[in-house]
Amino acid sequence: YFSISDLTITEGDTSSITISRTGGSNSSQNIIITSSDGTASAGSDYTAVSQTITFAAGETSKTFNFAASADSVSESDETLTITISGSGSDDIPAQFTDNSSLITIQNADTTAPTFSSAATNTQGTKVILTYNEALSSTTAATNAFAVTTGDSSNSVTDATVSGSTIELTLTTTV
């Protein structure tokens, strides 16, 4: 019985994927390996896979390399599938316990979000900062912000992150 491992890899890296054989290993078997796009696209996000690996009699494990492409696009992690199947030319047909590998390509780009605008609430007790994309954190340290009203420092007592906004609660009304 053949199975293939899943893989999580970072953009720009190369790693190996393992195909294992358990049970009977007395015969030679040809295993066909093919990749198919999910949210990741062959050519731009990874090098397509289309090859055949031969297990000789007695072999129980084989590896092949998988390459994720580097790019400068800040994006969500992307996925694809690698499938293994048996060759129709084998004397004994290959059997599978897991013939599908989920490959996750993790984004390696760490472009900071771009500040878009600032506003205050009608009471003047909060400053709302808006960015061009959803922020990955749900909390922020109050000491990470400096607010000046006129020529005076205005302490931030709370910072709440929600989607693409950060809401700062101030000590003094602006």
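Heads up: these notes are all about the structure in this document. By convention here, each chain's residues receive numbers from 1 onward along its written sequence. Per-residue local features are limited, in this predicted model, to residues with pLDDT of at least 70; the limit for side-chain atom pairs, both in listing and counting, is 80 or more; totals at the level of whole chains, interfaces and linings are taken over all residues. Only hydrogens and water are set aside; all other atoms, that is, all heavy atoms of the structure, feed into the side-chain values.

Section: the overall build of the chain
Line of reasoning, step 1. Only runs of H or I of at least four residues qualify as helices and only runs of E of at least two qualify as strands under DSSP, and these elements are numbered from the N terminus. A count of helices and strands for the chain gives zero helices and 15 strands.
Line of reasoning, step 2. Since a compact globule built from 174 residues should have a radius of gyration of about 16 Å, the 26 Å found for the chain marks it as more spread out than a globular shape.
Line of reasoning, step 3. Seen through its principal axes, the chain has C-alpha atoms that stretch 85 × 30 × 20 Å.
Line of reasoning, step 4. For every residue, the accessible area (1.4 Å probe, protein chains only) is compared with the maximum for its type, and the residue is labelled buried under 20%, exposed over 50%, or partly exposed between those bounds. Per-residue burial over the chain gives 30% buried out of 174 residues.
Line of reasoning, step 5. For the chain, the proportion of contacts with a sequence separation of at least 24, taken over those separated by at least 6, is 61%.
Line of reasoning, step 6. Where accessible areas are quoted, they stem from the Shrake-Rupley method and a 1.4 Å probe; at the residue level, only the protein chains shown are allowed to cover. Of the roughly 9,600 Å² that the chain leaves accessible, carbon and sulfur atoms contribute 46%. Between the two quantities, the radius of gyration covers C-alpha atoms and the globule rule is 2.2 Å times the number of residues to the power 0.38. Residue contacts are counted whenever heavy atoms from the two residues lie within 4.5 Å of one another.

Brief notes about the nonpolar core
Line of reasoning, step 1. To form a nonpolar core, buried Ala, Val, Leu, Ile, Met, Phe, Trp, Tyr and Cys residues must be joined to one another through side-chain atoms within 4.5 Å. Grouped together as the largest cluster of nonpolar side chains are 22 residues, with contacts concentrated most on I19, F64, F66, I82, I103 and I105.
Line of reasoning, step 2. Element by element, the count of residues in this core is highest for strand β7 (residues 78–86), at three residues.
Line of reasoning, step 3. The next biggest cluster of nonpolar side chains, apart from the first, holds eleven residues, and it includes V127, Y131, L135 and L168.

Observations concerning the pattern of salt bridges
Line of reasoning, step 1. A carboxyl oxygen of Asp or Glu within 4 Å of a side-chain nitrogen of Lys or Arg is what we treat as a salt bridge. Following the criterion strictly, the structure yields two salt bridges and no others.
Line of reasoning, step 2. With a shortest N-O distance of 3.5 Å, K126 and E167 are connected by a salt bridge. Separated by 41 residues along the polypeptide, K126 in strand β11 (residues 126–131) and E167 in strand β15 (residues 165–170) bring together distant segments of the chain.

Here we look at the packing of aromatic side chains
Line of reasoning, step 1. Pairing of aromatic side chains requires ring centres within 6.5 Å, counting the rings of Phe and Tyr and the six-membered ring of Trp. Pairs whose planes differ by under 30 degrees are stacked, by over 60 edge-to-face, and all others tilted. Within this structure, the stated rule accounts for four aromatic pairs.
Line of reasoning, step 2. Arranged with centres 5.0 Å apart and planes meeting at 70 degrees, the rings of F2 and F55 form a pair that is edge-to-face. Note that F2 is positioned in strand β1 (residues 2–4) and F55 in strand β5 (residues 50–55), a separation of 53 residues in sequence.
Line of reasoning, step 3. By relative accessible area, which is 1% here, F2 ends up buried.
Line of reasoning, step 4. You can call F55 buried: its relative accessible area is 0%.
Line of reasoning, step 5. Ring pairing ties together the aromatic residues F2, F55 and F96, which thus form one cluster.

So, the environment of S25
Line of reasoning, step 1. Counting through the fold element by element, S25 comes out in the loop between β3 (14–21) and β4 (29–37).
Line of reasoning, step 2. Classification of S25 as buried rests on a relative accessible area of 15%.
Line of reasoning, step 3. With residues near it in sequence (within four places) discarded, S25 still touches A57, G58, E59 and T60.

Description of the side chain of S101
Line of reasoning, step 1. Within the secondary structure layout, S101 lies in strand β9 (residues 100–106).
Line of reasoning, step 2. When its relative accessible area of 0% is taken as the criterion, S101 is described as buried.
Line of reasoning, step 3. In the analysis that follows, any N or O atom pair within 3.5 Å is treated as a polar contact, provided that within protein one partner can donate a hydrogen and the other can accept it, and provided that, for residues neighboring in sequence, both atoms belong to side chains. At a separation of 2.5 Å, a polar atom in the side chain of S101 contacts the main-chain carbonyl oxygen of S5.
Line of reasoning, step 4. S101 has contacts with I4, S5, D6, L7, L80, T81 and I82, leaving out every residue within four places of it along the chain.

Some details on the side chain of S35
Line of reasoning, step 1. As for its position among the elements, S35 is in strand β4.
Line of reasoning, step 2. On the basis of relative accessible area, S35 is assigned to the buried category, the value being 19%.
Line of reasoning, step 3. Of note is the side chain of S35, whose polar atom sits 2.9 Å from the backbone nitrogen of V49.
Line of reasoning, step 4. When neighbours within four sequence positions are excluded, S35 is seen to be in contact with Y46, A48, V49, L80, T81 and I82.

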